[in-house]
Every structure is written in C-alpha cells, then in structure tokens.
Amino acid sequence: MESAIALTRFYHPLLTGSYSHHLRSLSLFNSTPIFPKLSSVKYPFATISPARFIVTASSSPLSPSTTVAESQGLEQIKSVPTKPIEGQKTGTSGLRKKVKVFMQENYLANWIQALFNSLPPEDFKNGLLVLGGDGRYFNKEASQIIIKIAAGNGVGKILVGKDGIMSTPAVSAVIRKREANGGFIMSASHNPGGPDYDWGIKISEIKIADIPDVDLSQLGVTKYGNFSVEVVDPVADYLELMENVFDFSLIRSLISRPDFRFTFDAMHAVTGAYAKPIFVDKLGASLESIANGEPLEDFGHGHPDPNLTYAKDLVNILYGENGPDFGAASDGDGDRNMILGRRFFVTPSDSVAIIAANAQDAIPYFQSGPKGLARSMPTSGSLDRVAQKLNLPFYEVPTGWKFFSNLMDAGKLSICGEESFGTGSDHIREKDGIWAVLAWLSILANRNKDKRSGEKLVSVADVVTEHWATYGRNFFSRYDYEECESEGANKMIEYLRDLISKSKAGDKFGSLVGSYVLDFADDFTYTDPVDESVASKQGVRVVFSDGSRIIFRLSGTGSAGATVRIYIEQFELDVSKHDMDAQIALKPLIDLALSVSKLKDFTGREKPTVIT
C-alpha cells in the first residue's frame with residue numbers, strides 16, 4: 001500500500017485561530033533511494049558552503065554542556081527564480097504527496113517561501129519562530145532548508161527542538177510561552193514514516209541564506225550576523241505547562257500505587273521523547289510502563305495512529321489476561337490519543353465528554369469551570385448532553401481544528417474534541433495527546449484518592465458506565481475506506497447530495513416500514529460566531545427522529561486517492577442496553593448507511609480499511 005512522507009504547519013497567532021498551512025507527501029515506491037545528507041548536495045535553490053565559527057561562552061541560561069557559535073556574519077542572501085508548483089493545494093489538515101514528490105526540485109522550498117510571501121513582513125522580520133517535528137524521515141534535512149529560508153527572509157531567530165524533535169502540542173506551548181511570531185511543525189501526524197512513507201510541512205522566488213547546516217544534536221545558540229538559531233530542550237516548556245495545568249502530586253499518588261498498573265505506547269513517535277520525563281521521572285511510573293518509547297524515523301515500520309487497528313499491540317495487552325488498569329497511546333506528532341481500560345475501549349466521543357464532565361473537580365486548570373464546550377460535527381452527541389447539564393455554551397463545528405481555535409482565541413471555549421482521536425483545551429489551543437492522558441489519570445486519581453490499599457479501585461470502565469447512567473450512551477462507530485479512487489468517491493457524495501435535496505421530514509428509511517423516520521438531511525454548513533466566515537459542504541448528514549445519525553464525508557487527511565468516512569450514531573437512554581457491543585447495536589444503521597450510499601457500487605469496496 002502506498003503511503004505518505006511529511007507535514008509542516010505554520011502557526012501564526014495574528015491570523016484566524018491557530019492558522020496553519022500543511023503539506024504532506026508520500027514516496028512513490030518502496031525502491032525510493034535514501035537521499036544523501038544536505039551537506040554533500042548542491043540543491044537547485046541553494047549552494048551550501050562552509051563558514052568560519054568562533055565558539056564563545058553562552059550568555060543565555062543554557063545547560064552547562066551548551067555553547068554559542070558565532071559566525072563571521074550572515075552569508076549572501078540568494079534570490080533563486082522559481083515558479084508555482086501544480087497541486088500544492090491545502091485540504092482540511094494540509095497538503096500531502098509522495099515523499100519523492102516532496103524531495104523534488106524546489107518543492108519544499110516553494111512552500112516555505114510561499115508562507116513568508118503570504119504574511120506582511122512586519123509579522124516575521126527580525127522576529128522569533130519555532131521549529132519542530134515528530135522525528136520522522138527527512139525532518140532533519142528539512143529543518144536545515146527551513147532555517148536557511150527563514151534567515152533569507154529576515155527572521156531574527158529560530159528556536160528548534162533538539163534533533164529537530166518537538167511535538168505539535170509542545171510547539172504550540174513554546175510559541176505561547178516565548179511569545180514567538182509563529183512556528184513550523186514537520187509531521188504527517190498519524191501517517192506512516194520512513195523513506196517510502198509520509199512527510200509534510202504544516203511564489204516567484206526563493207530567498208535562502210548561504211549558511212552551513214546547524215548541529216541540531218547539541219543544545220545551544222548559533223549566530224550568523226543578526227540571525228540566530230537556538231537548539232532547545234523540546235520537553236522543558238511543555239512539561240512546565242503540564243505541571244501548571246494538572247495536580248502532579250495527585251496523579252503520582254495513583255501511578256505509584258502497587259495496585260495500579262499503567263502502560264503508555266509512544267508508537268516510536270514523538271511522544272517517546274516526552275514519556276520518560278513526564279510519566280517516569282515526574283509521576284513515578286516504572287520505565288517498563290513505556291512501550292515503543294524511542295522515536296524512530298520510520299516509527300519502527302509501524303503506523304503511528306492510535307486506534308484499535310494500528311495500535312493493536314497495546315489493545316492486545318489491555319485485553320489480555322490480567323492486563324494493566326490503564327493504557328494509552330499517542331500518534332506521530334503527539335496531538336492524538338487513545339484511552340483504554342482493562343478490557344475496555346473509550347471512544348474519543350465519550351472521552352472528551354467525560355473529561356469535560358469531570359474537569360472542574362479533577363483538574364486545577366478548570367477549577368472555575370470550563371468556559372464552553374465544542375465538538376466536530378461528525379463526533380457523537382455525548383458532549384452536547386454534558387454542556388446542557390452544566391449549562392455551558394456549546395458549539396458544533398466542521399472537522400478541522402482551526403474552528404476550535406477561533407472560539408478559544410475569542411474566550412468562548414475551553415474543552416473540545418474530535419471523533420478522530422483528537423482532544424484538547426485552551427491551555428495551548430491545540431489537540432494534545434499527552435494532555436488527554438493526564439486528564440484521564442487525573443480523573444482516576446481523583447476518584448481513587450480515598451481508596452485504601454486493598455480496596456477495589458474505580459476503573460476506567462466504572463467511570464464510563466457511570467457517565468452513561470447519568471447522560472445516556474451514544475453508540476458510535478466510524479467506517480474508513482482509505483485510498484478509494486477519487487472519481488468514484490466524489491460521485492458517491494454528489495449522489496448523496498442529490499438524494500438529500502429531494503428528501504423531506506417524515507420520509508421513512510430502512511427495510512422495515514417506519515424503521516427510521518427522517519427528521520432532516522443536509523450538507524453541513526457552519527457560520528463562525530467569531531468572524532462570521534462560512535464553511536459549506538462539510539459533510540452529508542441524515543438525522544432521524546429518534547436522534548440517530550448517519551454522516552458521509554471525504555477526509556482531507558489522506559495522501560493518495562480519497563478516504564470515505566461513514567459515521568453512525570444512535571442514542572440509548574436505557575441503562576440495561578448500555579453494555580451492548582456498538583457494532584451489534586448499530587448494525588441496522590450501518591446496513592442502512594451502506595445501502596443508501598451505494599458505497600460498493602461507487603467505490604468497489606467490500607469492507608472498510610479501519611473500523612473505530
């Protein structure tokens with residue numbers, strides 16, 4: 001199966017929300033050669049030549065092992081002619097292509113230069129930018145390109161994570177703490193990594209400084225005239241923020257209990273750099289509780305997407321005999337999460353609802369209560385009921401974190417989430433995998449703080465089933481059909497749009513007369529309450545009179561073909577039915593969704609790639 005290579009987002013706080021450009025790409029074939037290091041290549045847009053350095057004592061509060069390298073001055077800025085490249089159009093989360101495409105002449109450089117071209121010079125000239133990534137293949141080389149183009153465009157300083165590593169949530173935290181102008185994130189999120197897989201980087205000429213590569217393996221500052229690069233600890237600022245958000249002593253009291261066992265799977269991705277400092281060193285978990293904790297360029301040949309399919313090893317551990325009490329995983333760049341209890345999976349829709357319901361009691365950051373709650377449109381209505389009970393403002397937005405960010409920047413929103421395993425809050429205005437794990441540990445620690453040794457602990461399953469008893473259960477599932485032929489997928493969506501345009505309230509769907517009675521059907525449109533911008537055609541919704549929903553949309557997170565996603569939801573208030581398996585409870589609706597959409601006819605697909 002063909003996959004992608006990398007993503008970079010550019011965060012600019014002066015633009016709408018956490019405004020971001022992404023570019024993701026995939027390598028063409030497994031035979032893609034390993035490209036030589038930048039230092040030995042003459043790129044079409046820059047000649048990398050040596051410079052002389054003077055090593056001096058650091059005047060900044062760096063660790064004793066760091067140094068400051070002073071150059072004789074910034075080398076000549078070159079303006080290299082180029083032209084726009086076909087296909088560099090962003091989707092919901094960015095643009096993704098094959099790795100080999102990303103490494104074509106000027107491809108990466110064009111995109112970075114375009115970002116600078118799109119901003120007023122005063123927003124970055126002599127300013128501070130942050131650079132980090134998930135450690136996947138090509139990130140180190142891309143870091144050097146971004147640094148040189150930033151210097152060529154007049155940026156004053158770049159903060160870059162050691163070895164080019166910094167999780168997406170950490171980049172956001174550093175930007176806010178250091179009051180940076182913005183930042184770049186090199187990641188393809190939850191997509192595979194390696195020379196044959198994904199990368200991304202979330203115009204008339206390219207301006208690039210003729211300076212040597214920066215040593216990203218050593219903390220410290222390197223100066224070239226008025227431009228400087230500081231290699232920073234990627235964990236420090238983020239860890240400090242987490243200690244301010246959560247009660248670490250409370251969490252430690254749970255994790256250090258001999259009758260509580262914890263497992264975190266970093267999936268050989270960026271959170272491996274954060275797991276030991278946070279869970280082991282600060283919270284007292286055993287080193288053995290961290291699985292796949294070393295970040296690797298190819299993610300250990302795995303697919304760093306924390307779901308029941310791609311995090312199967314963790315699922316097997318939690319569902320095995322005498323499994324741990326709590327398990328969690330995060331994705332490639334650290335902004336997604338999966339939560340598990342012993343023999344129990346917490347859906348992302350339930351997870352955000354339960355975090356919101358318990359936030360004020362269990363998390364110091366929310367001691368005054370959340371400002372508001374929000375979910376993406378396809379996410380189940382679990383969070384809606386929490387907002388209603390807590391009398392909080394509630395928002396239903398299109399898929400795409402920028403819609404949440406706009407609300408958070410306006411002070412309208414505190415906690416939000418997506419069914420695609422993204423959960424977050426206004427502590428950084430970004431989805432945050434480790435934050436979600438710490439939130440769950442806080443809830444469990446709070447529920448068990450008075451439990452003596454030997455007493456039965458409140459489990460993940462207990463927390464969820466108690467929530468269902470209070471609010472009702474939203475049975476929910478998502479069917480993903482990855483890398484479908486785009487033509488057939490688009491025709492299916494057009495067919496559905498035509499179908500709903502002819503439907504009306506009271507129409508009956510299903511094999512049995514009256515099985516499902518239509519309340520309404522539409523193609524979701526959202527008007528932003530902050531800037532009044534309108535987002536249309538965000539997903540075909542079919543909503544029935546009993547609250548059941550079927551949603552169809554094409555995902556913007558794939559790198560080849562189209563990903564068709566079908567979301568199925570049914571609300572159940574009867575406690576006696578809450579223990580049903582979701583696939584069994586939803587089977588009539590799933591069958592109806594496949595029949596109504598004619599998915600097999602349009603795409604040729606018999607089965608989904610992933611079921612969540």
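Residues numbered from 1 in each chain as written. Predicted model: local features only at pLDDT ≥ 70, side-chain atom pairs only at ≥ 80, totals over all residues. Heavy atoms only, no water.

Under an unreviewed UniProt entry, the chain has the name phosphoglucomutase (alpha-D-glucose-1,6-bisphosphate-dependent) and belongs to Nicotiana tabacum. Turning to the chain, the UniProt record has this under Subcellular location (unreviewed entry): "Plastid, Chloroplast". Database annotation for the chain, UniProt heading Subunit (unreviewed entry): "Monomer." (UniProt positions renumbered as here; feature names shortened; annotations may be inferred.)

Trainee: For the overall build of the chain, give the residues involved together with the corresponding values.
Mentor: Check the secondary structure of the chain and you find 17 helices and 32 strands. Looking at the 612 residues of the chain, the share that counts as buried comes to 58%. Total accessible area on the chain is roughly 24,100 Å²; 49% of this is exposed by carbon and sulfur atoms. (Helix = DSSP H or I, 4+ residues; strand = E, 2+ residues; numbered from the N terminus. Buried < 20%, exposed > 50% of the residue type's maximum accessible area, 1.4 Å probe, protein only. Areas by Shrake-Rupley, 256 points an atom, 1.4 Å probe, with all protein chains shown as cover.)

Trainee: Provide a residue-level description of the packing of helix α5 (residues 236-245) against helix α12 (residues 433-448), including the pertinent values.
Mentor: With their axes 11 Å apart at the nearest point, α5 and α12 run at an angle of 30 degrees to one another. In terms of orientation, α5 and α12 fall into the roughly parallel class. Note on packing geometry: the crossing formed by α5 with α12 is right-handed. In contact with Y238, M242 and V245 of α5, α12 contributes I434, W435 and L438. Among the residues making up the contact of α5 with α12, the classes are represented as six nonpolar, no polar and no charged. (Axes fitted to C-alpha atoms, helices over the stretch in contact; angles between N-to-C directions. Parallel < 35°, antiparallel > 145°, perpendicular 65-115°, else oblique. Left-handed = near helix turned anticlockwise from the far one by under 90°. Contact = heavy atoms within 4.5 Å. Nonpolar A, V, L, I, M, F, W, Y, C, P; charged D, E, K, R; others polar.)

Trainee: Tell me about the packing of aromatic side chains, residues and numbers included.
Mentor: Applying the stated rule across the entire model yields 15 aromatic pairs. Look at W401 and F404: their rings are 4.7 Å apart centre to centre, the planes differ by 70 degrees, and that puts the pair in the edge-to-face class. One end of the pair, W401, and the other, F404, are both in helix α11 (residues 401-409), three residues apart, so they sit about a helical turn from each other. Here W401 and F404 have matching classes, each one buried. Ring centres 5.6 Å apart and planes at 65 degrees place the aromatic pair F509 and F544 in the edge-to-face group. On the criterion of sequence distance, the pair formed by F509 in strand β25 (residues 508-509) and F544 in strand β29 (residues 540-544) is long-range, its members being 35 residues apart. Residue classification places F509 among the buried residues on the basis of a relative accessible area of 15%. Of the residues examined, F544 reaches a relative accessible area of 2% and is grouped as buried. In textbook terms, an aromatic cluster arises when at least three aromatic residues are bridged by ring pairs, as seen for F262, F264, F279 and F326. Between R385 and the ring centre of F571, over which it is positioned, the NZ or CZ distance is 3.7 Å. Cation over ring: K389 sits above Y471, and NZ or CZ is 5.3 Å from the ring centre. (Phe/Tyr/Trp six-rings, centres within 6.5 Å; stacked < 30°, edge-to-face > 60°. Lys NZ or Arg CZ within 6 Å of the ring centre and 35° of its normal.)

Trainee: Outline the nonpolar core, supporting the account with residue identities and numerical values.
Mentor: Inside soluble globular proteins, nonpolar side chains tend to come together where they are buried. Membership of the largest hydrophobic core comes to 77 residues, with the highest contact counts inside it found for F279, F326, L438 and L441. Sort the elements by how many residues they give to this core and α12 lands first, with eleven residues. There are two domains that each give this core at least three residues, and those are domain 1 (68-233) and domain 2 (238-471). Excluding its chain neighbours within four sequence positions, the residues that come into contact with L438 are M242, F246, F248, I251, I278, F279 and L283. Counting 38 residues, the second-largest nonpolar core is a separate cluster that includes L108, A109, V214 and V231. (Core = buried A, V, L, I, M, F, W, Y, C linked by side-chain atoms within 4.5 Å. Domains from an automatic or database assignment.)

Trainee: Give me the side chain of D333: which residues, what numbers.
Mentor: You can see D333 is positioned in the loop between β16 (326-330) and β17 (337-341). Looking at D333, the relative accessible area reads 1%, which means it is buried. Of the polar contacts made by the side chain of D333, one reaches the side chain of T168; its length is 2.5 Å. (Polar contact = N/O pair within 3.5 Å; in protein donor to acceptor, adjacent residues only side chain to side chain.)

Trainee: Provide a residue-level description of the pairing of β17, including the pertinent values.
Mentor: The element β17 is largely enclosed, with a buried count of five among its five residues. Going residue by residue along β17, you find N337, I339 and G341 tucked away on one face and M338 and L340 tucked away on the opposite face as well. Judged from the five bridges that link them, β16 and β17 form a sheet pairing that is antiparallel. Counterpart to S330 in the pairing with β17 is N337. Counted between consecutive antiparallel strands, the loop separating β17 from strand β18 (residues 344-346) contains two residues, among which R343 sits at a positive phi close to 55 degrees. (Pairing = 2+ DSSP bridges.)

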